[in-house]
Amino acid sequence: MLCIQRATLLTPDEQIDDGVLLIDRGRIVAIGDAAHIGVPADAEIIDAGGLIVAPGFIDLQLNGAFGEDFTWAPESIWRVAEGLPRWGVTSFLPTIITSPLQKVAQAQETLEAGPPSGWRGSIPLGLHCEGPFLNPQKKGAHNPAYLRAPALEDVAAWRPEQHVRLVTLAPELEGALELVQTLAQRGVVVSAGHSMANYEQARAAFAAGVRYGTHLFNAMPPLEHREPGLPGALLHATEVTVGVIPDGIHVHPAIVALAWAAKGPSRLSVVTDAMAALGMPPGRYQIADHEVFVTEDARGVNVARLASGTLAGSVLSMDEALRRLILYTGCTLGQALATITSTPADLLGIGRERGRLRAGAWADLVFLTPTIEVVRTMIAGVTCYVREES
Ligand code: ZN
């Protein structure tokens, strides 16, 4: 039995001061304040020293890090995952962008094979397949040579049991709604993105089972007052969650605040969409088979672009995303935490297992300072990262 005490717990639905967490065999078995939770005499104690303890962060869109790109080299998933706890990320969806379908199969095999022995790191919950059923007019950094028309036979093996959890597609493509229904029935979360869908097409997609919007405003038609289009439909639909990249580059901070006002913490999902340059200096990197140039902009923020200037993912870490969401919206830490813990967990249908501090859930935890710096990260009750004292 492991006991974490003297913690400010953000579950994130509520705050528990002088909080205590009891952990057994990787899971939380009791949570409450010190006055109500008895500590077993033989428990191993971790004194949080008043730090904030929150659920581990969940990233629904991560292309790679540490110089590795999941689409180019699916076998790098486990290696990259070992480094993610430094940013508080305890589980994530490795994202495979538009590429030969064989790449998805390779990534499925990598996850099916499991980690190397002795491995310890952030848990890949399954793949996010971003493409290849996207609109060529909104291809972004995706290679148009590999875009495909929706076809059921291409996704025969795309199921949660075979490690596919989320699929981004353009719902206005011919045959896309049939794909949406099939995938949704299997329990795959289907997202609208890299799309030219108008408002009516987006509504039809939601009716067919689309429940997410990939990087709201990026690779979509603009929001116009007489033609709200896909972004207007995503903002308006109460049953749909939207992904946002709050790096200050993909969308203006005021637009992040507007999306926040429209959707709130349970329907806004912060993602990094980070690529190979995360955790690395500026330079040349790769996303799928495209070369990406990462430079530092005037504010000291690293930006990833193709030679054409098109954005090619971000170089945003999850803890920085959390700080920026609060800066841009003025929301509380608890609300901001929901967008990277309970909200993505609920979207994936694993809200009882992850994303909240509750009895029965995995003990995936992040210890944070009041200024939101990651001090310690635990996954299934095991410490995977401790910040070195400077
Ligand atoms: Zn994208």
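Overview of the structure. (Residues numbered from 1 in each chain as written. Predicted model: local features only at pLDDT ≥ 70, side-chain atom pairs only at ≥ 80, totals over all residues. Heavy atoms only, no water.)

### A look at helix α2 (residues 102–113)
In an α-helix there are 3.6 residues to a turn, and that puts residues three or four apart on one side.
And then number 1: A rise of 1.5 Å per residue sets the reference length of α2, with its twelve residues, at 16 Å; its end C-alpha atoms lie 16 Å apart and thus fit the reference within 8%.
And then number 2: Turning to α2, its buried residues are K103, V104, A107, Q108, T110 and L111. Buried residues in α2, looked at end-on, bunch into an arc of 160°, giving them a common side. What points out from α2, more than 90 degrees from its buried face, is the exposed set E109, E112 and A113.
And then number 3: Check the buried side of α2 and you find it contacts α1 (77–83), β9 (89–97), β10 (123–124), β11 (127–130) and β12 (164–169). (Helix = DSSP H or I, 4+ residues; strand = E, 2+ residues; numbered from the N terminus. Expected span 1.5 Å × (residues − 1). Buried < 20%, exposed > 50% of the residue type's maximum accessible area, 1.4 Å probe, protein only. Arc of directions from axis to C-beta. Contact = heavy atoms within 4.5 Å.)

### Notes on the pattern of salt bridges
A side chain of one charge can pair with a side chain of the opposite charge when the charged atoms of the two come close.
And then number 1: On inspection of all chains with the given rule, the structure shows 14 salt bridges.
And then number 2: The shortest N-O distance in the salt bridge between R27 and E353 comes to 3.3 Å. Of this pair, R27 sits in strand β3 (residues 27–33) while E353 sits in the loop between α9 (342–348) and β20 (365–368); the two residues are 326 residues apart in sequence, bridging distant segments of the chain.
And then number 3: Close ionic contact of R356 with D346 constitutes a salt bridge, the shortest N to O distance being 2.7 Å. In this pair, R356 sits in the loop between α9 and β20 while D346 sits in helix α9, placing the two residues ten residues apart along the sequence.
And then number 4: Among the ionic contacts, a cluster of salt bridges with common partners joins D319, E320, R323 and R324. (Salt bridge = Lys/Arg side-chain N within 4 Å of Asp/Glu carboxyl O.)

### Here's the deal with the nonpolar core
Note on soluble globular proteins: their nonpolar side chains tend to be buried together.
And then number 1: Within the largest apolar cluster, 86 residues are counted, with the highest numbers of intra-cluster contacts made by F57, L127, W158 and L368.
And then number 2: The greatest single-element share of this core, amounting to five residues, is contributed by helix α7 (residues 318–329).
And then number 3: Counting residues in each nonpolar core, the second largest holds 18 residues, with L2, I16, I46 and L357 among its members. (Core = buried A, V, L, I, M, F, W, Y, C linked by side-chain atoms within 4.5 Å.)

### Notes on helix α5 (residues 229–236)
And then number 1: For α5, a buried count of seven out of eight residues is recorded, marking the element as mostly surrounded by other parts of the structure.
And then number 2: Those residues of α5 that sit buried are G229, L230, P231, G232, A233, L234 and L235.

### Thoughts on the coordination of the zinc ion
And then number 1: Protein-derived coordination of the zinc ion comes from E130 (OE), H194 (NE2) and H215 (NE2), at a distance range of 2.0 to 2.2 Å.
And then number 2: Between consecutive donors of the zinc ion, the numbers of intervening residues give the motif E-x63-H-x20-H. Linking E130 in strand β11 with H194 in the loop between β13 (189–192) and α4 (199–208), this pair joins segments that are 64 residues apart in sequence.
And then number 3: Residue E130 is classed as buried on the basis of its relative accessible area, which comes to 3%.
And then number 4: Look at H194 and you get buried, because its relative accessible area is 4%. (Donors = N, O, S within 2.8 Å, 3.2 Å for Na, K, Ca; no water.)

### Topic: unusual backbone geometry
And then number 1: In this chain, T11 is followed by P12 through a cis amide linkage whose omega measures 5°.
And then number 2: As for its position among the elements, P12 is in the loop between β1 (2–10) and β2 (15–24).
And then number 3: Between G131 and P132 the backbone carries a cis peptide bond, its omega angle lying at 10°.
And then number 4: Relative to the helices and strands, P132 is located in the loop between β11 and β12.
And then number 5: A positive phi is found at R6, a non-glycine position, where the angle reads about 55°.
And then number 6: The backbone of F66 sits at a positive phi, close to 55°, despite the residue not being glycine.
And then number 7: The residue F66 is located in the loop between β7 (64–65) and β8 (68–69) in this model.
And then number 8: With a relative accessible area of 23%, F66 lands in the partly exposed category.

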